[in-house]
Amino acid sequence: MSSIDPVSGGTTLPTNTTRSLQSVNFPGRYAVVRSDSLGYLDSVTSSSTTAVKQSATFTVVPGLADGSCYSFRDASGRYLRHLDFRIRFDASNGTTLFNKDATYCARPGSAPGSVGLESYNYPGRYLRHFNYELRVDPFQDNATFRADSSFKAVSPWA
């Protein structure tokens, strides 16, 4: 059973259910994990392979470091986390640092129904795409950054 957690500004994220994270400013592109274990913003369509669709599908769970925030787990059990501010997917090693690296707090996104994901252990840094690579970068008060750091949790591809 999933629950809906309210976010300031009326945005919600479902927990304990699968979703895909769609880019607000590139609506045909989704957060994915590639074979190098790094996060990217890639095109996914109904004609994409099953593997591509699975790479863009995550289970949204209560945050590993703070249950009022969120963590994202792929089908193999790896978590979306940052390391040197680059998004990657790793199996949990159970450490406090890993749990913090894999926790993101929802903030209102730049478009209705979208969300910004602020790093739990680096407040002021947000999950965003830059050159189609997913990173955790310092907030910039401009339209491009706000759009690059906003995602919609949509029906899963797989």
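About the cut-offs
Throughout, residues of each chain are indexed from 1 in the direction in which the sequence is written. Only residues with pLDDT of 70 or above have their local features reported here, since the model is predicted, and side-chain atom pairs are shown and tallied only from 80 upward, although totals for entire chains, interfaces and linings are computed over all residues. The basis for the side-chain values is all heavy atoms of the structure; hydrogens and waters are excluded. By disulfide we mean two sulfur atoms from cysteines, separated by a distance within 2.5 Å. Put simply, DSSP H or I for four residues or longer makes a helix, DSSP E for two residues or longer makes a strand, and each gets a number counted from the N terminus. Burial classes: relative accessible area under 20% of the type maximum marks a residue as buried, over 50% as exposed, and values in between as partly exposed (1.4 Å probe, protein chains only). In this analysis, rings of Phe, Tyr and Trp, with Trp reduced to its six-membered ring, are considered paired at centre separations within 6.5 Å, and the interplanar angle assigns stacked below 30 degrees, edge-to-face beyond 60, and tilted for intermediate values. By the criterion adopted, a ring carries a charge over it if an Arg CZ or a Lys NZ lies within 6 Å of its centre and within 35 degrees of its normal.

Chemist: Residues and numbers for the state of the cysteines, please.
Modeler: Tallied over the entire structure, the rule returns one disulfide. With its sulfur 2.0 Å from that of its partner, Cys69 forms a disulfide with Cys105. Every disulfide takes its handedness from the sign of the S-S torsion; for Cys69 and Cys105 that torsion is 80 degrees, giving right-handed. Of the two residues, Cys69 sits in the loop between β6 (58–62) and β7 (70–73) while Cys105 sits in strand β10 (residues 104–108), which places them 36 residues apart along the sequence. The same class applies to Cys69 as to Cys105, namely buried.

Chemist: Explain the packing of aromatic side chains to me, using residue names and the numbers behind them.
Modeler: Enumeration according to the criterion identifies seven aromatic pairs in this entry. Pairing Phe85 with Tyr122 gives two aromatic rings, centres 5.1 Å apart and planes at 75 degrees, and the pair type is edge-to-face. Placement of the pair is Phe85 in the loop between β8 (79–83) and β9 (86–90) and Tyr122 in the loop between β11 (115–119) and β12 (125–130), with a sequence separation of 37 residues. Centre to centre, the rings of Tyr126 and Phe139 are 5.9 Å apart; their planes meet at 55 degrees, and the pair counts as tilted. Here Phe139 lies in the loop between β13 (133–138) and α3 (143–148) and Tyr126 lies in strand β12, a separation of 13 residues in the sequence. Among the residues examined, Tyr126 registers a relative accessible area of 14% and is labelled buried. Since its relative accessible area comes to 42%, Phe139 is described here as partly exposed. An aromatic cluster is defined as three or more aromatic residues linked by ring pairs; in this entry it consists of Tyr126, Phe139 and Phe145. Directly above the ring of Tyr132 sits Arg29, whose terminal nitrogen or CZ lies 3.9 Å from the centroid. Lying over the aromatic face of Phe85, Arg125 brings its terminal NZ or CZ to 3.7 Å of the ring centre.

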